[in-house]
Amino acid sequence: QFQMIRHEELECLESLGQGSFTRVFLGRKKGLRDGEGYVTNVLLKVLDSNHKNCWESFFEAASLMSQISHKHLIHVYGISVHQSNNIMVQEFVKFGALDLYLKRGHSVSVSWKLEVAKQLACALIFLEEKNIVHGNICAKNLLLAREGDQTSGNSPFIKLSDPGISLVMLGQDVLMDRIPWVAPEVLEDPEHLELDVDKWSFGTTLWEIFSGGKVPLQGLDLHQKLQFYKKGHWLPRPDWTELADLICQCMNYQPELRPSCRTIIRQLNGLITSDYEILHAAGTSLN
Ligand SMILES: Nc1cnc(-c2cc(N)nc3[nH]ccc23)cn1
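This is a predicted model, so every value here is computed, not measured. (Residues numbered from 1 in each chain as written. Predicted model: local features only at pLDDT ≥ 70, side-chain atom pairs only at ≥ 80, totals over all residues. Heavy atoms only, no water.)

Turning next to empty space enclosed by the protein. Taken as a whole, this structure holds two cavities of 30 Å³ or more when the rule is applied. Looking at the largest cavity, its volume works out to about 60 Å³. If you go around the largest cavity, the residues you meet are G135, N136, I137, L167, R178, W181, V182, A183, V197 and S201. Looking at the lining of the largest cavity, its residues break down into six nonpolar, three polar and one charged. As a volume, the second largest cavity reaches approximately 40 Å³. Every residue along the wall of the second largest cavity is listed here: L124, E128, L195, D198, K199 and C261. Listing elements by their share of the lining of the second largest cavity, those giving two or more residues are α3 (110–129) and α6 (196–209). For the lining of the second largest cavity, the residue count by class is three nonpolar, no polar and three charged. (1 Å grid on protein atoms, 1.4 Å probe; cavity = no way out; pocket = protein on both sides within 12 Å on 5 of 7 lines; lining within 4 Å. Points joined across faces, edges and corners; volume = space filled by probe spheres on them. Nonpolar A, V, L, I, M, F, W, Y, C, P; charged D, E, K, R; others polar. Helix = DSSP H or I, 4+ residues; strand = E, 2+ residues; numbered from the N terminus.)

Take the sheet that holds strand β1 (residues 10–19) next. Here five strands make up an open sheet; going across it, the order is β1-β2-β3-β5-β4 and the pairing antiparallel. Edge positions in the sheet fall to β1 and β4 (76–82), since each has one partner strand and no second. Sheet twist, expressed as the average angle between the axes of neighbouring strands with direction ignored, equals 30 degrees. As paired strands, β1 and strand β2 (residues 22–33) are joined by seven bridges and run antiparallel to one another. The residue bridging E11 from the neighbouring strand is R28, located in β2. Together, β2, β3 (36–47), β4 and β5 (85–91) form the strand contacts of helix α1 (residues 55–67), whose direction differs from that of β5 by roughly 20 degrees. (Pairing = 2+ DSSP bridges. Axes fitted to C-alpha atoms, helices over the stretch in contact; angles between N-to-C directions. Contact = heavy atoms within 4.5 Å.)

Around the ligand sit L16, L43, I74, Q90, E91, F92, V93, K94, G96 and L143, and that is every residue in its neighbourhood. Q90 places a polar side-chain atom, nitrogen or oxygen, 2.9 Å from a nitrogen atom of the ligand. If you map the ligand onto the pockets, it falls in the largest pocket. Taken together, the residues that form the shell around the ligand break down as six nonpolar, two polar and two charged. (Near = heavy atom within 4 Å. Polar contact = N/O pair within 3.5 Å; in protein donor to acceptor, adjacent residues only side chain to side chain. Sits in = over half its atoms within 2 Å of the grid points.)

Taking the residues that link successive antiparallel strands as the turn, the β1-β2 hairpin has two residues, and the phi of F21 there is positive, at about 70 degrees. Sheet topology places β2 next to β3; twelve bridges connect them, and they run antiparallel. The residue bridging F25 from the neighbouring strand is L44, located in β3. The turn joining β2 and β3, which pair antiparallel and follow one another in sequence, is formed by two residues; a positive phi near 35 degrees is taken by D34.

What follows concerns the environment of L187. On the secondary structure map, L187 appears in helix α5 (residues 184–188). Its relative accessible area of 10% is what places L187 among the buried residues. Sequence-wise, L187 and L120 are 67 residues apart; in three dimensions their C-alpha atoms are separated by 24 Å. Excluding residues that lie within four positions of it along the chain, L187 makes contacts with Q172, L175, M176, I179, L226 and Y229. (Buried < 20%, exposed > 50% of the residue type's maximum accessible area, 1.4 Å probe, protein only.)

This is the structure:
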């Protein structure tokens, strides 16, 4: 269910960061296309050697992404197993993770943010139609393939990364650390993941996109994060009421009350046309 890649075809370059039980590197993949040798930039996702017991889940994520293809989902070339290394080979997305991009203080417009949100919602509709739970929707897993800019006016383009090690395999501590991205019901029963868990995370990701890459609940320890859910708290509301309402609807503690993906897209389209966009745009050009 996925391509096996020989390690001779791969070259590992600098480290780019880490995920849950994985590290990511920039790499090169050699290949042949109609007799022509060529080299592609790739992202190498390496499973930590002390989490080898997760290799099935690691490759399950690779297999999942290999079997579905959508313009807003990351392309997985395949996997490479060599000596003690389990490596997932993914397309390299030029501008990297959205959370870091926003943290770096790129000033992006409201319509830029809404476009990114809409593209993520499209990816979720696609997964929902295939009854696939992603389980790890967050700004860190949104990769920016095209910056889009104010001058040429072309819009940004994002790709949703693979879910990584399944929530089921992660310890309770890792799950708690993923508050407020992980849906509350997952902490009760990580075995039964429903599509609704992705809607909750969509709400958190929407909050990230409109909060300039701020980390929600930063500085809270695991106990305090758990209390946040126990007390049914919500994230600080953005000052745009319609947006805040959409985030709260997605982050409904009752999974069945969260909006369908289609409703989410409709509400996002409503936000795009709402007068706030004009007012806010005026605001940004004034300050
Ligand atoms: N599938 C992926 C995933 N991450 C990247 C990436 C690109 C970049 N310029 N800086 C980075 N820093 C960390 C990750 C990353 C690329 N492709």
